[in-house]
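# Remarks on the overall topology
The chain contents come next:
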Amino acid sequence: MGVNITYMGTKRTLAPMVRDIVHNAQAGVLLDAFSGMCSVGEAVGTCRQIWNNDAQIFASVVARALFKSRNSPPSPLSYGDIHFEKFERQRKLLEQSFSNSLSIENELLNAGNYSNFTTLLGRLKEALQEESTRCRLRSPHLFSSIYSGTFFGVHQAVEADSIVASLRGAKSEART
């Protein structure tokens, strides 16, 4: 049986074969001594307890996150539900702080012609400058203050800052 490994260090291509071998082996804990990014563990972990080890710190952290608990991790949607209240609170604060810019952005998106578009764009830049200077929120508003009207729309920046606020809140809760 020839095995062609195309990426140095990865066991992703070997993982299905290891799973088949382990499935037919005697029962018990499987030690993945050089677990790396847990390709073998993910392939085998549903049918047997697995112990992971790796000299690389980042790989050990990944293994611990994937295999330490017997419970399945929450889905991305459930994380959203868990942190939605913080997200929503920050979004409302930022929408108040950047209300004029958000209103002009909505008009800008519905501009019927180029002349109207350029006029509204000038108004948006002025409103963003004024509201960014006036914004005194201690909570995150980097995207809203710096990147609105450039790489991101105002609405997108408000949502990005709200995500940051909810993640920071989750991080501080984890410390307590």
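Residues numbered from 1 in each chain as written. Predicted model: local features only at pLDDT ≥ 70, side-chain atom pairs only at ≥ 80, totals over all residues. Heavy atoms only, no water.

### Some remarks on the nonpolar core
Put simply, the rule is: To qualify as a nonpolar core, a set must consist of buried Ala, Val, Leu, Ile, Met, Phe, Trp, Tyr and Cys residues joined through side-chain atoms within 4.5 Å. Three labels apply to residues, based on accessible area from a 1.4 Å probe with only protein chains included: buried if under 20% of the type maximum, exposed if over 50%, partly exposed otherwise in between. Counting from the N terminus, the helices are the DSSP runs of H or I reaching at least four residues and the strands are the DSSP runs of E reaching at least two. The contact definition used throughout considers only heavy atoms, calling two residues in contact when any of these lie within 4.5 Å.
Counting residues in hydrophobic clusters, the biggest one holds 12 residues: Leu94, Phe98, Leu102, Ile104, Leu108, Leu120, Leu124, Ala127, Leu128, Cys135, Val154 and Val158. Elements supplying a minimum of two residues to this core: helix H5 (99-109), helix H6 (114-134) and helix H8 (154-175). Sequence-distant contacts of Cys135, defined by excluding residues within four places in its chain, comprise Ser97, Phe98 and His141. Ranked by size, the runner-up nonpolar core spans 7 residues in total, among them Val22, Leu30, Val44 and Ile50.

### Some words on the packing of aromatic side chains
What characterises a pair of aromatic rings is the spacing of the ring centres plus the angle enclosed by the ring planes. What counts here: When the centres of two rings from Phe, Tyr and Trp lie within 6.5 Å, Trp using its six-membered ring, the rings pair. Their planes under 30 degrees apart give stacked, over 60 give edge-to-face, and anything left gives tilted.
By the definition in use, this model includes 5 aromatic pairs. Here Phe143 and Tyr147 contribute two aromatic rings whose centre-to-centre distance is 5.7 Å and whose plane-to-plane angle is 50°, an arrangement assigned as tilted. Of this pair, Phe143 and Tyr147 both sit in helix H7 (residues 142-147), 4 residues apart, which is roughly one turn of that helix. Given the relative accessible area of 22%, Phe143 is considered partly exposed. A relative accessible area of 29% places Tyr147 in the partly exposed class. Here Tyr147 and Phe152 contribute two aromatic rings whose centre-to-centre distance is 6.5 Å and whose plane-to-plane angle is 75°, an arrangement assigned as edge-to-face.

### Some details on the pattern of salt bridges
Test applied: The term salt bridge refers to a side-chain nitrogen of Lys or Arg lying within 4 Å of a carboxyl oxygen of Asp or Glu.
A complete count under the given rule lists 6 salt bridges for this structure. Arg89 serves as the salt-bridge partner of Glu85, at 3.6 Å between the closest nitrogen and oxygen. You can see Glu85 and its partner Arg89 sitting in helix H4 (residues 76-97), 4 residues apart, about one turn around the helix. By relative accessible area, Arg89 is classed as partly exposed at 46%. Note that Arg91 and Glu95 form a salt bridge whose closest N and O atoms lie 2.6 Å from each other. Residue Arg91 and its partner Glu95 are located together in helix H4, separated by 4 residues, close to a single helical turn. When its relative accessible area of 25% is taken as the criterion, Glu95 is described as partly exposed. A single network of salt bridges, built from pairs that share partners, joins Glu88, Arg91 and Glu95.

### Some points on the environment of Thr150
By secondary structure assignment, the location of Thr150 is in the loop between H7 and H8. When its relative accessible area of 54% is taken as the criterion, Thr150 is described as exposed. The spatial distance from the C-alpha of Thr150 to the C-alpha of Lys125 is 9.6 Å, given a sequence separation of 25 residues.

### A few points about the confidence of the model for the protein
Stated precisely, the cut-off is as follows: The quantity known as pLDDT measures the predictor's confidence residue by residue, on a range of 0 to 100.
Per-residue pLDDT for the protein has a mean of 83; in total, 88% of the residues score no lower than 70. The spread of mean pLDDT over the elements of the protein runs between strand S1 (residues 30-32), the lowest at 78, and H5, the highest at 96.

### Considering a nonpolar patch on the surface
Formally: In this scheme, patches are assembled from residues that exceed 30% relative accessible area and form no salt bridge. Like charges are connected within 9 Å, while nonpolar side chains (Val, Leu, Ile, Met, Phe, Trp, Tyr) are connected within 5 Å. Surface exposure here means Shrake-Rupley accessible area, sampled with a 1.4 Å probe, where a residue is shielded only by the protein chains that are shown.
A cluster of nonpolar side chains, namely Val29, Leu31 and Trp51, defines an oily patch on the protein surface of about 320 Å² accessible area. Judged by relative accessible area, which is 55%, Leu31 ranks as exposed.

### Considerations on the environment of Ser99
Residue position: Ser99 is located in helix H5. Take Ser99: its relative accessible area is 41%, and that puts it in the partly exposed class. Between the C-alpha atom of Ser99 and that of Val154, which follows or precedes it by 55 residues, the distance is 9.7 Å.

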